[in-house]
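Structural overview
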Amino acid sequence: MAACLRRAAAGLLTRLQTSAPAIRTLSSSNSFSQNIPSSLWKLGRLNHVAIAVPDLEKAQSLYKDVLGAQVSETVALPEHGVYIVFVELGNTKLELLHPLGEKSPIASFLQKNKTGGMHHICIEVDDIKAAMTELKKKKIRILSEEPKIGAHGKPVIFLHPKDCHGVLVELEQA
C-alpha cells in the first residue's frame, strides 16, 4: 500500500505543480539552490489516508486491539454523510469511514467495494482558496464550488479522481 501511495503522490505532484526544469548552481560557499516555479499556495504534509469500512467496530478493534494503535471515538458528520474514527500513526493518521444515512457517498463506495478499501488521501495546503483558483486554471475539477468544513474543523475540498490519476484527493487548509 505504501508503494501505491508513493506512486499516486508522485503522479499527483507532477500534475498539480507546473513542470519546469530544476537548475542547480554551485556557488563559492558550496550551497545549492533550485529554480522552483512560484505558486501562491503550497502543498504540505500528508494529513491522512481514508479507508471505507463496512463494519466500523471491527475496523476499530483491528487497529486498537490487534495492532495496538491509538484510536479515537466514533464521530458522526451528518453534513458529509459519514461516521469517522481516526487512527493515530505518529507521522500521519488513518481515517476510518462508515456510511451515515442512505445517501452517504461511502454507502455507494461500499456497494462497489464490499470489503471496503482506500477511499481518499488528504494533503494539507497553506491557502485553500488560492489552491482552488490555480487548480481550476489547470483544469483540475473540484467536487464543490466552495470548501466545506471537514472532520478537523478546517476547510476542505475534493479533487476529481479522473484528474488525479485515479485517486480522490482531499485538500485541507493547514
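In this text, all values refer to a predicted model and were calculated from it rather than measured experimentally. (Residues numbered from 1 in each chain as written. Predicted model: local features only at pLDDT ≥ 70, side-chain atom pairs only at ≥ 80, totals over all residues. Heavy atoms only, no water.)

1. Topic: a nonpolar patch on the surface
Selection criterion: In this scheme, patches are assembled from residues that exceed 30% relative accessible area and form no salt bridge. Like charges are connected within 9 Å, while nonpolar side chains (Val, Leu, Ile, Met, Phe, Trp, Tyr) are connected within 5 Å. Each accessible area is a Shrake-Rupley estimate made with a 1.4 Å probe; only the visible protein chains count as cover when residues are assessed. For salt bridges, the criterion is a side-chain nitrogen of Lys or Arg within 4 Å of an Asp or Glu carboxyl oxygen. The helix and strand labels rest on DSSP assignments: H or I over at least four residues marks a helix, E over at least two residues marks a strand, and numbering proceeds from the N terminus.
A cluster of nonpolar side chains, namely Leu62, Val66 and Leu67, defines an oily patch on the protein surface of about 290 Å² accessible area. Examined against the element boundaries, Leu62 turns out to sit in helix 2 (residues 56-66).

2. Considering the pairing of strand 3 (residues 43-52)
So the rule is basically this: The pairing criterion for strands is at least two bridges between them, as found by DSSP.
For strand 3 and strand 8 (residues 117-125), the ladder comprises seven bridges, and the chain directions are antiparallel. Among the inter-strand pairings, Leu43 is bridged to a residue of strand 8, identified as Val125. Here five bridges tie strand 3 to strand 7 (residues 93-99), and the two strands are oriented parallel to one another. If you follow Val49 over to strand 7, its bridge partner there is Leu94.

3. A look at the pairing of strand 6 (residues 82-88)
What counts here: Exposure categories follow from relative accessible area, calculated using a 1.4 Å probe and restricted to protein chains: below 20% of the type maximum is buried, above 50% is exposed, and the middle band is partly exposed.
Burial runs high along strand 6: five of the seven residues are buried. Examined bridge by bridge, strand 5 (residues 75-77) and strand 6 share three bridges and lie antiparallel to one another. Each bridged residue has a counterpart across the sheet, and for Ala76 the counterpart in strand 6 is Tyr83. The turn joining strand 5 and strand 6, which pair antiparallel and follow one another in sequence, is formed by four residues; a positive phi near 70° is taken by Gly81. Between the antiparallel neighbours strand 6 and strand 7 lie four residues, among them Gly90 with a positive phi of about 95°.

4. Some thoughts on the environment of Glu102
By the secondary structure assignment, Glu102 is in the loop between strand 7 and helix 3 (105-112). Considering only alpha carbons, one finds Glu102 and Gly81, 21 residues apart in sequence, at a separation of 8.4 Å.

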